[in-house]
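# Inside the fold
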Amino acid sequence: MKNTSPPLQSTVIFGLICGLSFMPLVLGLSHVIYWPKALNLTLWIYVAVYSILLTRWSSKSINQIIFPLLLILIAIFWVDSISLFIVLALGILSWIRSGICFPKNMGKKIIAEALLGLVAGSLVISLTPSSVLTWALAVWMLFLVQALYFVIFETIFNADEQIKRDPFEKAREQAENILSTEAHI
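Residues numbered from 1 in each chain as written. Predicted model: local features only at pLDDT ≥ 70, side-chain atom pairs only at ≥ 80, totals over all residues. Heavy atoms only, no water.

## A few points about the pattern of salt bridges
Basically, it comes down to this: By convention in these notes, a salt bridge is any Lys or Arg side-chain nitrogen within 4 Å of a carboxyl oxygen on Asp or Glu. Each helix corresponds to a stretch of at least 4 residues labelled H or I by DSSP, and each strand to a stretch of at least 2 residues labelled E; elements are numbered beginning at the N terminus. With a 1.4 Å probe rolled over the protein chains alone, any residue whose accessible area is under 20% of its type maximum counts as buried; one over 50% counts as exposed, and the rest are partly exposed.
Counting across every chain of the model gives one salt bridge. Here lysine 37 ties to aspartate 80 by a salt bridge, and the two come within 3.4 Å at their closest N and O atoms. Here aspartate 80 lies in the loop between helix H3 (66–78) and helix H4 (82–101) and lysine 37 lies in helix H2 (residues 35–58), a separation of 43 residues in the sequence. Exposure remark for lysine 37: the relative accessible area of 15% places this residue in the buried category.

Listed below in structure tokens is the structure:
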């Protein structure tokens with residue numbers, strides 16, 4: 001089964017779901033593990049699920065993202081700073097999205113990923129989240145910024161989508177165009 005929902009809309013909706021589920025998930029995990037680790041584990045879960053969505057949109061194998069996700073999972077227990085973990089998570093997400101899932105036009109994508117990471121990191125730092133509620137808003141904002149990636153590269157994805165279109169659908173559209181132009185003559 002192929003996921004046909006547009007990446008932009010899905011990223012915004014996924015970000016909203018992450019923001020809404022953040023408080024219950026962090027508070028539930030904080031009963032089991034130390035609070036900053038619970039926050040990092042929650043962020044890792046979101047990055048992992050979003051990475052799986054990216055592989056579905058790009059028709060790549062989930063096996064290709066296992067190594068980057070394991071790196072960030074290990075970082076949960078080695079990195080004591082939440083800010084540093086967020087930077088690592090954004091870097092790994094950029095690697096998965098532009099290096100594994102959508103590797104075309106790498107020069108432009110590296111610049112776009114750097115700008116998006118800078119904007120997202122700056123916005124999170126400017127919010128200075130201190131409560132679980134402000135962290136939930138920061139997570140949603142983070143995914144709103146991540147959705148900009150698909151706004152920037154919309155033409156690339158539209159071109160890829162047209163290449164993968166069904167030949168019969170293309171022929172039907174061409175026939176409709178011919179008939180509509182003949183009707184106007």
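## Observations regarding empty space enclosed by the protein
Our working definition: A pocket here means an open set of points on a 1 Å grid, computed over the protein atoms alone, that has protein on both sides within 12 Å along at least five of seven lines. A cavity is instead a set of points where a 1.4 Å probe fits but cannot get out; residues with an atom within 4 Å of a point line either one. Grid points are joined across faces, edges and corners, and a volume is the space filled by probe spheres set on the points. Asp, Glu, Lys and Arg are counted as charged, while Ala, Val, Leu, Ile, Met, Phe, Trp, Tyr, Cys and Pro are counted as nonpolar; the rest, among them Gly, fall into the polar class.
A complete count under the given rule lists one cavity of 30 Å³ or more for this structure. Roughly 140 Å³ of internal volume is contained in the largest cavity. Lining the largest cavity are 13 residues, and of these Leu43, Val47, Ile86, Ala89 and Leu142 lie nearest its centre. If you list the elements that add at least two residues to the lining of the largest cavity, you get H2, H4 and helix H6 (132–152). Partitioned by chemical class, the residues of the lining of the largest cavity number 13 nonpolar, no polar and no charged.

## Things to note about the environment of tyrosine 46
Operational definition: Residues are treated as being in contact if the distance between any of their heavy atoms lies within 4.5 Å.
Relative to the assigned elements, tyrosine 46 resides in helix H2. Given the relative accessible area of 5%, tyrosine 46 is considered buried. Each C-alpha atom, one on tyrosine 46 and one on phenylalanine 14, is 9.0 Å from the other, the two residues being 32 residues apart in sequence. Leave out the neighbours within four places in its chain, and tyrosine 46 touches Phe14, Cys18, Ser21, Phe22, Leu25, Val139 and Phe143.

## What about the layout of surface pockets?
Its boundaries defined by the atoms lining it, the second largest pocket holds a volume of some 240 Å³. Around the second largest pocket, the lining comprises 14 residues; the ones closest to its centre are Ser83, Ile86, Val87, Gly121 and Ile125. Contributions of two or more residues to the lining of the second largest pocket are made by H4 and helix H5 (106–127). Examining the composition of the lining of the second largest pocket, we find that seven residues originate from one element, H4, more than from any other.

## Details of the packing of aromatic side chains
The following threshold applies: Here a Phe, Tyr or Trp ring, Trp counted by its six-membered ring, pairs with any other such ring whose centre lies within 6.5 Å, and the pair is stacked when the planes are under 30 degrees apart, edge-to-face when over 60, and tilted otherwise. Should the NZ of a Lys or the CZ of an Arg lie within 6 Å of a ring centre and within 35 degrees of the ring normal, that charge is described as sitting over the ring.
In the structure shown here, the tally under the stated rule is six aromatic pairs. Centroid distance phenylalanine 14 to phenylalanine 143: 5.2 Å. Interplanar angle 85 degrees. Geometry classified as edge-to-face. In this pair, phenylalanine 14 is assigned in helix H1 (residues 7–29) and phenylalanine 143 in helix H6, connecting sequence segments 129 residues apart. Residue classification places phenylalanine 14 among the buried positions, given a relative accessible area of 10%. Each residue in the set Phe14, Tyr50, Trp57 and Phe143 is aromatic and connected to the rest through ring pairs, giving one cluster. Between the NZ or CZ atom of arginine 97 and the centre of the ring of tyrosine 149, over which it lies, the distance is 4.2 Å.

By themselves these figures say nothing about function.
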